[in-house]
Amino acid sequence: MQTTPVSSSPVPSIRGSVAPILGELIDFRRDLHSHPELSHKEFRTTDRIVETLEAAGLQPKRLENTGAYVDIGDGPIGLALRADIDALPVLEETSLPYASVNTGIAHACGHDIHTTVMMGAARVLAKLDAEGSLGGRIRVIFQPAEEVMPGGALSVIEQGVLSGVPRILALHCDPRVDVGQVGTRIGAITSASDTIRIELSGQGGHTSRPHLTQDLVFALSQIAVSVPAILSRRIDVRSGVSVVWGQIHAGSAPNAIPGHGFMAGTMRCLDAEAWHAAGELLDDVVREVAAPYGVEVALEHTRGVPPVINSEAETGLIEASARAELGEDSVVLTPQSMGGEDFAWMTQAIPGAMMRLGTRTPGGETFDLHRGDYNPDELAISCGVSVMAAAAVRAARGLRH
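Note that the structure is predicted; figures quoted are calculated from it, not measured.

> Even after reading the chapter, I still don't get the pattern of salt bridges, so can you show me in this structure?
Summed over the entire model, instances satisfying the criterion amount to 23 salt bridges. Between Arg29 and Glu378 there is a salt bridge; the shortest N-O distance is 2.9 Å. Here Arg29, found in helix H2 (residues 22–34), pairs with Glu378, found in the loop between strand S16 (352–360) and helix H10 (380–396); they are 349 residues apart in sequence, far enough to count as distant. What makes Arg29 buried here is its relative accessible area of 0%. Residue class for Glu378 comes out buried when judged on its relative accessible area of 10%. Overlapping salt bridges bring together Arg29, Arg30, Asp112 and Glu378 as one network.

Now the structure itself:
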């Protein structure tokens, strides 16, 4: 597809502007990594972001409670870049000299990398703007609370931060992809994700006389097995509905049927329409399965996030920028993830795309996300800044791709 830029000026190479500040960006990332903060509690993180932007001559605005955003350049907004800034309730196990000082909290999902990449992009764009070569206005958003459902993105939208923004990009660390490469795909790149909690109560009793009880443990086991199976037969199998339990608790003695128990898990789905359909079915299916056992059912179904839908034009913008900055072989097709991501709310509001940023040292170990030993290669920061800043310049100059 051919595109026509508003300006005939060539898009400048970004990597040369990243190299002089890479050391400072790595220091910034390590500071964030050492001081992770949970969702809605990112107070120090927000302060560091604002202070660093102000030191670069920019005028950031704080969001309600935590988070911030900043505009760079003049005129109508051409693009927004979004980073998430919160950490996870995970014990860090890296033994790095800059490991978390907040016990039980860690940047085990790479949000410190995301924040640093967008900080670097903001600094590079500010330099270009000062030189008169940016060509438009870019908004950089540092969003809180991605790790809790339904996510801090909704609050950002409600505060009007996407007002006047025509398109938006984000990135996510990918420990399965080497540094120097990015993963993209058109369409859904993540899954819808909900949380489910089911509490059962009934008359307990002795395990020698289950017929005189409402066998709550047996009912829990039937729900655990049957609900995922029934949903897979009631919803199009191509939508990938997946119900997986992470908790089942009941009883305290091997010869006593308890009167109370609960189970909790997640429901994920690759398709937005099927996600709505499965959510409407879930309550009925759980109660149908539990009914023969006479137990009382209390279902708490927390709607999470829909899939992130990458639009074709915005995915093309990322790919063109990556090839220009990292090389022709830098773009790889990434599989759709079953993970949830609240950037989905933003891509429902305006066209957008998320890329996977390779964080694995070539030939090195693969560290999975949400694990205490996740240790991304910091050279990924340079790659991320280069691609995101290059995409922003293209968008500021009116380029579709």
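> Whenever I open this one, the nonpolar core confuses me. Can you help?
As a rule of thumb, soluble globular proteins bury nonpolar side chains together. Membership of the largest hydrophobic core comes to 59 residues, with the highest contact counts inside it found for Leu81, Leu125 and Met388. Of the residues forming this core, the biggest block, 13 residues, is contributed by H10. Beyond its immediate chain neighbours, meaning those up to four positions away, Leu81 contacts Met118, Ala121, Leu125, Ile138, Arg139, Val140, Ile141, Leu169, Met388 and Ala392. Leu63, Val165, Trp245 and Ala344 belong to the second largest nonpolar core, which has 49 residues in total.

> Quick question: what am I supposed to make of the sheet that holds strand S10 (residues 242–250) here?
Strand order across the open sheet formed by 4 strands is S10-S12-S8-S13, with antiparallel pairing between neighbours. Edge positions in the sheet fall to S10 and strand S13 (296–305), since each of these pairs with one other strand and no more. Recorded for the sheet is a direction-independent mean angle of 15 degrees between the axes of neighbouring strands. In this structure, strand S8 (residues 192–201) lies alongside strand S12 (residues 260–269), joined through 10 bridges in antiparallel fashion. Bridge pairing in S12 places Ser201 opposite His260.

> How should I be thinking about helix H6 (residues 216–234) in this particular structure?
Under the 1.5 Å per step criterion, the end-to-end length of H6 is 26 Å for 19 residues, consistent within 8% with the ideal 27 Å. Taken as a whole, H6 carries its principal kink of about 30 degrees at Ser226; the proline Pro228 stands between one and four residues after it.

> Please explain the environment of Glu24 as it appears in this structure.
Mapping Glu24 onto the fold places it in helix H2. For the pair Glu24 and Ser242, spaced 218 residues apart in the sequence, the C-alpha separation amounts to 43 Å.

> I tried to follow the sheet that holds strand S3 (residues 77–84) on my own but got confused; where do I start?
What holds strands together in a sheet is hydrogen bonding between their backbones, with the strands either parallel or antiparallel. Taken in spatial order, the 8 strands make up an open sheet running S1-S2-S4-S3-S5-S16-S6-S15, and their pairing is mixed. Every other strand in the sheet has two partners, leaving strand S1 (61–62) and strand S15 (331–333) as the edge strands with one partner each. Alignment of S1 against strand S2 (residues 68–72), held across 2 bridges, turns out to be antiparallel. Bridge pairing in S2 places Lys61 opposite Tyr69. Lying over the sheet, helix H4 (residues 111–130) contacts S2, S3, strand S4 (137–143), strand S5 (168–178) and S16, oriented at roughly 150 degrees with respect to S3. On the sheet, helix H8 (residues 312–326) packs against S3, S5, strand S6 (182–184), S15 and S16 and is oriented at approximately 35 degrees with respect to S16.

> Mind showing me how you'd approach the state of the cysteines here?
Within this structure, the stated rule accounts for 0 disulfides. Between Cys109, a cysteine without a disulfide, and Cys173, which holds the nearest cysteine sulfur, the sulfur-to-sulfur distance is 7.6 Å. For Cys109, a relative accessible area of 6% corresponds to the buried category. Free of any disulfide, Cys383 has its nearest neighbouring cysteine sulfur in Cys173, separated by 11 Å. Classification of Cys383 by relative accessible area gives buried; the value is 5%.

> Before we go on, may I ask you to explain the side chain of Asp112 in this structure?
Locating Asp112 in the fold gives a position in helix H4. What Asp112 contacts, discounting residues up to four positions off in sequence, is Arg29, Leu32, His33 and His107.

> Sorry if this is basic, but what is going on with unusual backbone geometry here?
With the exception of glycine, the majority of residues adopt a negative phi angle, and the majority of peptide bonds are in the trans configuration. Along the chain, Met149 connects to Pro150 via a cis peptide bond; the corresponding omega equals 0 degrees. Tracing the backbone through its elements, the reader meets Pro150 in the loop between S4 and helix H5 (153–158). Here the phi dihedral of Ser95 falls at roughly 60 degrees; this positive angle occurs in a residue that is not glycine. You will see that His370, though not glycine, has its phi angle at about 65 degrees, which is positive.

Cut-offs applied
Residues numbered from 1 in each chain as written. Predicted model: local features only at pLDDT ≥ 70, side-chain atom pairs only at ≥ 80, totals over all residues. Heavy atoms only, no water. Salt bridge = Lys/Arg side-chain N within 4 Å of Asp/Glu carboxyl O. Helix = DSSP H or I, 4+ residues; strand = E, 2+ residues; numbered from the N terminus. Buried < 20%, exposed > 50% of the residue type's maximum accessible area, 1.4 Å probe, protein only. Core = buried A, V, L, I, M, F, W, Y, C linked by side-chain atoms within 4.5 Å. Contact = heavy atoms within 4.5 Å. Pairing = 2+ DSSP bridges. Axes fitted to C-alpha atoms, helices over the stretch in contact; angles between N-to-C directions. Expected span 1.5 Å × (residues − 1). Bend = angle between axes of the 7 residues up to and from the residue. Disulfide = S-S within 2.5 Å.

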